[in-house]
Structure formats: structure tokens, C-alpha cells
Amino acid sequence: MIARKEGRAGRLTLNRPKALNALDHEMAQTLEAALDAWRDDPEVDLILIDAEGSRAFCAGGDIAAVYHAGKAGDFAAGGAYWRDEYRMNAKIKEYPKPVIAFMQGFVMGGGVGLGGHGSHRVIGETTQVAMPETGIGLVPDVGGSLVLALSPGRIGEYLGVTGSRINAADAIYAGFADLFIPEANWPALKAKLVETGDPGVLPTGLMPPEPGRLAALRPEIDAAFSGADVREIVERLRAMDSDFARETLDVILQKSALSEQATLRLVRMTRATPTIRDALSNEFRFTLRAAEHSDFLEGVRAQIIDKDRTPRWRWSLATLPPDLVDAMLAPVPAEWRIDFP
């Protein structure tokens, strides 16, 4: 993470393109320290967040260290990382100055926590957004549950449970971004922002070249994902006769049942109290316990460490204990509460 002042801007650039700019603990701490330093700096009018490389703004959190610590019996390492990251996510959302993020390529998980809470969220023709955590035995976090909770209809439940990847048009429709701007124009716009400190130089009203699909699918999504739990969602999908229903059913049956049920609950919990602090606090209930009590270590092993793509989940939707989701989403102990400023 490169943090520096340039012109009227505080600039934050993710600089691990070979790792798809995955966010590790040190990067999160560097970013938070810069936000704190620039909050009352009269030389800084806005914050500009971008990333090196064309493939990804940020493809997620660097969770390999959390995995290895958990395998060694250290279940606190993940909690410490996520608590610091979540506090930083909240500072982006609540920052008193404009925060402008330019998000190309993959914007997943931790990338949503960096770019998805800014005041001006810019995407381009290569942008692909997802909250894919149920595929690694986790839940949408970094405040992603807030974006999902505020998405139209039951789009948030659908994207959270399935982890589906969406293009630029759908990212705007679902509330992950504000502005589409062709990526060829980004260097000149960044230079203007640095020079002027004025987000008003960003053009508005431009449309992505490829249409989205969520708006057209919304009747089916709403009909299925208004189910009381994931079991009922599965039943509704099985009763539908459509390609969407069949494809979605296949996806759901591949992911962690515990994560899916907890994700559905989280999105609805956050919709009831839609603030960034409530969202992050709700998410931390699960992630704090994830390494010790969920499918997280197995999901990371299968998808990231061994890459065999065949996780052996401990539970299916049929065998998941009914009180396990309650236990995973119980309030955290007092000593683990996130110390929001």
C-alpha cells in the first residue's frame, strides 16, 4: 500500500498486482493510519484510492495467514485482522472528506470494503464485483452486508448467498458503485482530482457498454429469495422451471450451508438497522468464530491453499444443526468488540 499526499489529494494505491492486490493486515493498518493523518489536514481536500495493474482493484483479503494460524490452533489471529480491517472500513464510510475509488477488474470481498464505501465509487468496463465468501465458508463482511441489505428487492440475499459475480451495469444497479467512466479516461481524471481537489470534475450519466441482467431477473430472484431460510429458497427454486432457477440451485448446493444460512440472516439483520457500524459488528460475530467453529479453514484449503476446488463441508442444508447459526451470530465477548472511534 502506497500512501502519499499529491496536490490536493491524499492518495492510497494498492501495489500488489501479482496477488490481485489482496489486502493483508499491514496494508489495512497503513490505510487507516493515512486516513487518520489526513482527516484534519488542510492540504488534503479528498482521498483517492486506486490500484496498480489491470486485472484487479482488490480481489479480497489476504487470508492465507489467518488459515495457517488457525491450523496451528491460533484462533485469535483472524479476529485481530478482521477487527482492524472493519474499523478501517467504517472510517472510509464515515470519512468527512470525499473518498473517490477507481475500481477496475476484480472487486471482491475486501475490495468492496475499500472501494464500496466511498462517496464516489467509479467503475469501468472491466469491473467485476462479487461477495464470494460462502464459497470459502465465510460470510459477506467488510461492510458488504450493508450494501447487500440496501440492494433492490431480494438482490442482496441472492448475491450474498450465491456469491455471484456481476458486471459494471449490475454493480451500479445493486448499489456497489455510483459512476461508470471508461477506463481510458481515468488517468486524466485522477490528475484533475489531484490538481483541483474537486470531485465535481467526475463526469456523470455515462452508461456501461454491456447491459446487466439483475433487473430482468428480479421477479424470479424476489420470488425465490424471500424464503424464510435457505432450505425454503431451495424448495422455491426447485419448483421453478427456468434456467436461472436451475443454475442458482446448482450454485447453492456447492457452497457452505452454514455460511449460506448465516449470510441470509446477516443481510436481514443489517436491513433492520442499516448502518456501517451495525453491519460490521454483525459480520464480526461470525468471522471472529470462523476459524474455530465454521467451515472456513476447509473452504480456504480447498479454494486457496490446495486449490482442489472440492471442499468437504461439515454440514449440508439437511444436516445443519438449527442452533448453530444462532451460536455463530451471538454477540461477541466484550473484549472483542470493535473499537469504533
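Residues numbered from 1 in each chain as written. Predicted model: local features only at pLDDT ≥ 70, side-chain atom pairs only at ≥ 80, totals over all residues. Heavy atoms only, no water.

Notes on the overall build of the chain
Move 1: A tally of helices and strands in the chain yields 15 helices and nine strands.
Move 2: Relative to the globule expectation of 20 Å for 341 residues, the C-alpha radius of gyration of the chain, 19 Å, shows essentially globular dimensions.
Move 3: Projected onto its principal axes, the C-alpha coordinates of the chain cover approximately 60 × 45 × 40 Å.
Move 4: Partitioning the contacts of the chain with sequence separation of at least 6, the portion at a separation of at least 24 is 75%. (Helix = DSSP H or I, 4+ residues; strand = E, 2+ residues; numbered from the N terminus. Rg over C-alpha atoms; globule rule 2.2 N^0.38 Å. Contact = heavy atoms within 4.5 Å.)

Some remarks on the environment of Gly 110
Move 1: Relative to the helices and strands, Gly 110 resides in helix H4 (residues 110–115).
Move 2: Put simply, Gly 110 and Phe 176 are 66 residues apart on the chain and 13 Å apart in space, counted from C-alpha to C-alpha.
Move 3: In this view, Gly 110 contacts Cys 58, Gly 60, Gly 61, Glu 85 and Val 142; residues no more than four positions away in its chain are not counted.

Considerations on helix H2 (residues 64–71)
Move 1: Taken together, the buried positions of H2 are Val 66, Tyr 67, Ala 69 and Gly 70. Projected down its long axis, H2 shows its buried positions confined to an angular sector of 165°, all on one face. In H2, the exposed residues that point more than 90 degrees away from the buried face are Ala 65 and Lys 71.
Move 2: Buried residues along H2 sit against helix H3 (76–93) and helix H14 (296–305). (Buried < 20%, exposed > 50% of the residue type's maximum accessible area, 1.4 Å probe, protein only. Arc of directions from axis to C-beta.)

Remarks on the side chain of Thr 13
Move 1: For Thr 13, the location among the structural elements is in strand E2 (residues 9–14).
Move 2: Look at Thr 13 and you get buried, because its relative accessible area is 7%.
Move 3: Within polar-contact distance, the side chain of Thr 13 engages the side chain of Arg 4 at 2.7 Å.
Move 4: A polar atom in the side chain of Thr 13 sits 2.7 Å from the side chain of Asp 50. (Polar contact = N/O pair within 3.5 Å; in protein donor to acceptor, adjacent residues only side chain to side chain.)

Side note on the nonpolar core
Move 1: The biggest cluster of nonpolar side chains holds 95 residues, and the ones touching the most others in it are Phe 176 and Phe 296.
Move 2: When residues of this core are assigned to their parent elements, the largest contribution, eight residues, is made by helix H13 (residues 276–293).
Move 3: Ignoring anything within four residues of it in the chain, the contact list for Phe 176 reads Met 103, Val 112, Gly 116, Arg 121, Val 129, Met 131, Val 147, Leu 148, Leu 159, Ile 166 and Ala 171.
Move 4: Counting 13 residues, the second largest nonpolar core, distinct from the first, contains Leu 46, Leu 179, Trp 186 and Val 194. (Core = buried A, V, L, I, M, F, W, Y, C linked by side-chain atoms within 4.5 Å.)

So, the environment of Val 107
Move 1: Along the polypeptide, Val 107 turns up in strand E6 (residues 106–108).
Move 2: Relative accessible area serves as the criterion here: at 2%, Val 107 is assigned to the buried category.
Move 3: Ignoring sequence-local partners within four residues, the contact set of Val 107 consists of Phe 57, Cys 58, Val 112, Thr 127, Gln 128, Val 129 and Ala 130.

Considering the pairing of strand E7 (residues 120–123)
Move 1: The pairing of strand E5 (residues 99–103) with E7 spans four bridges and is classified as parallel. Residue pairing across strands places Ala 101 opposite Arg 121, the latter belonging to E7.
Move 2: Alignment of E7 against strand E9 (residues 179–180), held across two bridges, turns out to be parallel. Residue pairing for E9: Val 122 is matched across the bridge by Leu 179. (Pairing = 2+ DSSP bridges.)

Comments concerning the sheet that holds strand E8 (residues 128–130)
Move 1: The three strands are arranged E4-E6-E8 in an open sheet whose pairing can be described as parallel. Lying at the two open borders of the sheet, with one neighbouring strand each, are strand E4 (56–58) and E8. The sheet shows a mean angle of 20° between the axes of neighbouring strands, taken without regard to direction.
Move 2: Here E6 runs beside E8; their pairing, made up of three bridges, is parallel. Residue pairing for E8: Met 108 is matched across the bridge by Ala 130. (Axes fitted to C-alpha atoms, helices over the stretch in contact; angles between N-to-C directions.)

Some points on the pattern of salt bridges
Move 1: Counting across every chain of the model gives 28 salt bridges.
Move 2: Its salt-bridge partner being Arg 4, residue Glu 6 comes within 3.8 Å of it at the nearest N-O pair.
Move 3: For Asp 222, the salt bridge identified is with Arg 218, shortest N-O distance 3.0 Å. Taken together, the residues Asp 222 and Arg 218, both in helix H9 (residues 214–225) and four residues apart, mark about one turn of the helix.
Move 4: Accessibility expressed as a relative area gives 22% for Asp 222, which makes it partly exposed.
Move 5: Among the ionic contacts, a cluster of salt bridges with common partners joins Glu 32, Asp 36, Asp 84, Arg 87, Lys 91 and Asp 339. (Salt bridge = Lys/Arg side-chain N within 4 Å of Asp/Glu carboxyl O.)

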